[in-house]
Structure formats: structure tokens, C-alpha cells
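As a plain string of letters, each chain reads:
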Amino acid sequence: MNGLLLMGALLCLAAGCIVLFESIAAMMSVGEIVFKASSPVDLLGSAAFSWIDWIPMLWMQNLLNYIITRPAWLLVLSVGILCLLLSGFRNR
């Protein structure tokens, strides 16, 4: 088992743990069950990503703003799947 395969499997497992944790947190609220996915901006704050505004290319700013506002579990799962794919191509 190479490093990329292990990293991909661990990242996919971590994404599942994030979804499980957020699901349990949604069920603990009183009344309706409301699933709220946390994004990196929610977790780290908008000040951590203020460097994006200094990038001179507008399309790059828009792309990075789009990425950091996606749910954290989706980003972790995407990187995990990318690692699994790269591991598969590397072994051929």
C-alpha cells in the first residue's frame, strides 16, 4: 500500500467522520433536524482567507472563494478521491 492510497483512504474516512459529527449535532438540536455543513470559512474565520483578496487575477479569486465556501466534508472527500485516483494512475 503506497502513501497516496493510504492518504486517500484516510481522507475519505475523515470526510465520513465529519458528516457523522455534523449529523449528530443536527439531531441534538431541539425541534426540527437541521443539517448545517461547516465550510472552512466557518471553521477558521474570514480573516484567515483575507489573502485571497490580494491575488491580482479575478478569476483566481472567484475560484478560491468558491472552494472555501463549500462544505468542509466535501473538500476533504474530494482531496481523498483525488489521492485515490492518483494512486491508481501511479501504480500502472
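Structural data are supplied above this passage.
What counts as what
Residues numbered from 1 in each chain as written. Predicted model: local features only at pLDDT ≥ 70, side-chain atom pairs only at ≥ 80, totals over all residues. Heavy atoms only, no water. Helix = DSSP H or I, 4+ residues; strand = E, 2+ residues; numbered from the N terminus. Rg over C-alpha atoms; globule rule 2.2 N^0.38 Å. Buried < 20%, exposed > 50% of the residue type's maximum accessible area, 1.4 Å probe, protein only. Contact = heavy atoms within 4.5 Å. Areas by Shrake-Rupley, 256 points an atom, 1.4 Å probe, with all protein chains shown as cover. Lys, Arg positive; Asp, Glu negative; His and termini not counted. Charge placed at Lys NZ, Arg CZ, Asp CG, Glu CD. Expected span 1.5 Å × (residues − 1). Arc of directions from axis to C-beta.

Asker: What am I meant to see in the overall build of the chain here?
Answerer: Scanning the chain from terminus to terminus reveals four helices and zero strands. Reading the secondary structure of the chain in the N-to-C direction produces α-α-α-α. Relative to the 2.2 N^0.38 estimate, which gives 12 Å for 92 residues, the radius of gyration of the chain is 16 Å and therefore markedly larger than a compact globule would have. Along the three orthogonal principal directions, the C-alpha set of the chain runs to about 50 × 40 × 15 Å. By residue count, 18% of the 92 residues in the chain fall in the buried class. Summarising the internal contacts of the chain: among those between residues at least 6 apart in sequence, 65% fall at separations of at least 24. For the chain, the accessible surface area stands at approximately 6800 Å², while carbon and sulfur atoms represent 74% of it. Once the 4 positive and 4 negative side-chain charges of the chain are each reduced to a mean point, those two points are 19 Å apart.

Asker: What am I meant to see in helix H1 (residues 3–27) here?
Answerer: Every α-helix carries 3.6 residues per turn, so stepping three or four residues along brings you back to the same face. Helix length check: H1 (25 residues) gives 36 Å between terminal C-alpha atoms against 36 Å at 1.5 Å per residue, within 8%. Within H1, the full set of buried residues consists of Gly-8, Ala-15, Glu-22 and Ala-26. Where H1 is buried, its residues meet helix H4 (72–91).

Asker: Sorry if this is basic, but what is going on with H4 here?
Answerer: With 20 residues, H4 should cover 28 Å at 1.5 Å per step; its first-to-last C-alpha distance of 29 Å lies within 8% of that length. When H4 is considered as a whole, its buried residues turn out to be Ala-72, Gly-80, Cys-83 and Ser-87. Down the axis, H4 shows its buried residues gathered within 70° of arc, on one side only. As for H4, its buried residues are in contact with H1 and helix H2 (40–44).

Asker: I keep staring at the side chain of Ser-38 and nothing clicks. Help me out?
Answerer: In this structure, Ser-38 sits in the loop between H1 and H2. What makes Ser-38 buried here is its relative accessible area of 17%. Excluding anything up to four places from it in sequence, Ser-38 contacts Glu-22, Leu-43, Pro-71 and Ala-72.

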